[in-house]
Amino acid sequence: MSRLLWCVVPAAGRGTRMGADCPKQYLPLAGKPLIVHTLERLAAHPRIAGLLVVLGAQDEHWPGITALHGKQVSTAVGGAERSDSVLAGLDALPSEVGDGDFVLVHDAARPCVREADITRLVDRAAQADGGLLGAPLRDTLKRADEDGHSLATEPREQRWRAFTPQMFRRGELVSALRAVALDGRPVSDEAMAMELAGFRPLLVEGAEDNIKVTTAADLALAEFLLARTA
Ligand code: CTP
Ligand code: MG
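Just so we're clear, the structure is a prediction, and the values are computed from it rather than from any experiment. (Residues numbered from 1 in each chain as written. Chains lettered and ligands numbered in written order. Predicted model: local features only at pLDDT ≥ 70, side-chain atom pairs only at ≥ 80, totals over all residues. Heavy atoms only, no water.)

**Comments concerning the nonpolar core**
Okay, so step 1: Among the nonpolar cores identified, the biggest contains 44 residues, and Ile35, Leu39, Leu51, Val53, Trp62, Leu104 and Met167 are the most heavily contacted of them.
Okay, so step 2: Of all elements in the fold, only strand E1 (5-11), helix H1 (34-43), strand E4 (48-55), strand E7 (102-105), helix H3 (115-125), strand E8 (131-136), strand E11 (160-169) and helix H6 (216-228) reach the threshold of two or more residues within this core.
Okay, so step 3: Counting residues per element, this core draws most heavily on H1, which supplies 6 residues.
Okay, so step 4: Setting aside anything within four residues of it in sequence, one finds Val53 in contact with Val9, Ala11, Ile35, Leu39, Trp62, Val73, Ser74, Thr75 and Ala76.
Okay, so step 5: Counting 24 residues, the second-largest nonpolar core is a separate cluster that includes Val54, Leu177, Val180 and Phe199. (Core = buried A, V, L, I, M, F, W, Y, C linked by side-chain atoms within 4.5 Å. Buried < 20%, exposed > 50% of the residue type's maximum accessible area, 1.4 Å probe, protein only. Helix = DSSP H or I, 4+ residues; strand = E, 2+ residues; numbered from the N terminus. Contact = heavy atoms within 4.5 Å.)

**Quick word on the layout of surface pockets**
Okay, so step 1: By volume, the largest pocket amounts to about 1200 Å³.
Okay, so step 2: What lines the largest pocket is a set of 44 residues, among which Ala12, Gly13, Arg14, Glu81 and Arg82 lie closest to the centre.
Okay, so step 3: Of all the secondary structure elements, the ones that give two or more residues to the lining of the largest pocket are E1, helix H2 (82-91), E11 and helix H4 (170-183).
Okay, so step 4: Across the lining of the largest pocket, the residue classes tally to 15 nonpolar, 16 polar and 13 charged.
Okay, so step 5: Computed from the structure, the second largest pocket encloses a volume of approximately 160 Å³.
Okay, so step 6: Every residue along the wall of the second largest pocket is listed here: Leu132, Ala162, Ser188, Asp189, Ala191, Met192, Glu195, Pro201 and Leu203.
Okay, so step 7: Of the residues forming the lining of the second largest pocket, the biggest block, 3 residues, is contributed by helix H5 (residues 190-196).
Okay, so step 8: Residues of the lining of the second largest pocket, tallied by class, amount to 6 nonpolar, 1 polar and 2 charged. (1 Å grid on protein atoms, 1.4 Å probe; cavity = no way out; pocket = protein on both sides within 12 Å on 5 of 7 lines; lining within 4 Å. Points joined across faces, edges and corners; volume = space filled by probe spheres on them. Nonpolar A, V, L, I, M, F, W, Y, C, P; charged D, E, K, R; others polar.)

**Focus: the site of ligand 1**
Okay, so step 1: The environment of ligand 1 is formed by 19 residues, the closest being Ala12, Gly15, Thr16, Lys24 and Ser85.
Okay, so step 2: In the model, an oxygen atom of ligand 1 is placed 2.8 Å from a nitrogen or oxygen of the Ala12 main chain.
Okay, so step 3: Within the contact set of ligand 1, an oxygen atom lies 3.1 Å away from a side-chain nitrogen or oxygen of Lys212.
Okay, so step 4: Taken by itself ligand 1 offers 560 Å² of open surface, and the protein chains cover 89% of this.
Okay, so step 5: Put simply, ligand 1 lies in the largest pocket.
Okay, so step 6: Looking at the shell around ligand 1 residue by residue, the classes come out as 6 nonpolar, 6 polar and 7 charged. (Near = heavy atom within 4 Å. Polar contact = N/O pair within 3.5 Å; in protein donor to acceptor, adjacent residues only side chain to side chain. Areas by Shrake-Rupley, 256 points an atom, 1.4 Å probe, with all protein chains shown as cover. Sits in = over half its atoms within 2 Å of the grid points.)

**Quick word on the side chain of Thr214**
Okay, so step 1: With respect to the secondary-structure elements, Thr214 resides in the loop between strand E12 (202-205) and H6.
Okay, so step 2: Overall, the relative accessible area of 12% leaves Thr214 in the buried class.
Okay, so step 3: In this structure the side chain of Thr214 is engaged in a polar contact, spanning 3.0 Å, whose partner is the backbone oxygen of Lys212.
Okay, so step 4: With sequence-adjacent residues up to four places away left out, Thr214 is seen in contact with Arg17, Met18 and Lys24.

**Some words on unusual backbone geometry**
Okay, so step 1: Going from Thr164 to Pro165, the amide bond is cis rather than trans, its omega being 5°.
Okay, so step 2: Counting through the fold element by element, Pro165 comes out in strand E11.
Okay, so step 3: Positive phi, close to 45°, is recorded for Ala30, a residue that is not glycine.
Okay, so step 4: Given the relative accessible area of 45%, Ala30 is considered partly exposed.
Okay, so step 5: One non-glycine residue, Gln158, adopts positive backbone phi at about 60°.

**Things to note about the packing of H2 against H4**
Okay, so step 1: At their nearest, the axes of H2 and H4 sit 10 Å apart, and the two run at 145° to each other. The two elements H2 and H4 cross, and the hand of that crossing is left-handed. Two secondary-structure elements touch here, H2 through Ser83, Val86, Leu87, Leu90 and Asp91 and H4 through Arg170, Leu173, Val174, Leu177 and Arg178.
Okay, so step 2: Within the contact of H2 with H4, the residues separate by chemical class into 6 nonpolar, 1 polar and 3 charged. (Axes fitted to C-alpha atoms, helices over the stretch in contact; angles between N-to-C directions. Left-handed = near helix turned anticlockwise from the far one by under 90°.)

Have a look at this one:
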């Protein structure tokens, strides 16, 4: 597929698990805010047309970027849950993005995403109902009781970890997210909303170093990875 895609970047979270003085997407990483690394990687991708960054209502840290690599960077105000923020971003996309057009959604907190993985996702998911980057589970999986004792070993086959970017048709994703919002049903990613709407998103294997920076240890790892991934 040759059409360029817009990418919604949810960045309206507070980074509670990081516990820093500012939301984690603004923490310094190799000399610039974490989110700037993420946005630069996305904007540099030849298949991406523009970025729609979703910010928190009280955000005082956004550096006011309006363009990167010659591509438009717009903003919208997010909501209480990640899915509310993604919906706000989808609603704010330029009118040139039709309901039938594919859009990407990528966490601001994943700065190490690789260009080749975005390309593979875009190529493969466009042949399906949309899709997402992920990786098959490699470790043995345990089910624990509340005190952290292992109760059982769960099958690992056909179990994947879900990453972003995720790619769906704008109109179908908006409908799916609106439906779960009406139900008051929490969803942890776009693919879950699409599954509940009856779609079967394609899992596209990507590099496991596309980490979501969540804790202080992840920051150090991301700095290391950024230096060696492209
Ligand atoms: N996000 C968002 N709107 C929300 C919650 C999250 O746009 N209401 C964004 C975050 O900014 C992040 C991505 O969704 O880029 C993934 O969320 P997560 O890693 O959970 O970030 P936070 O919610 O900020 O972190 P925490 O859960 O530790 O508070
Ligand atoms: Mg969160």
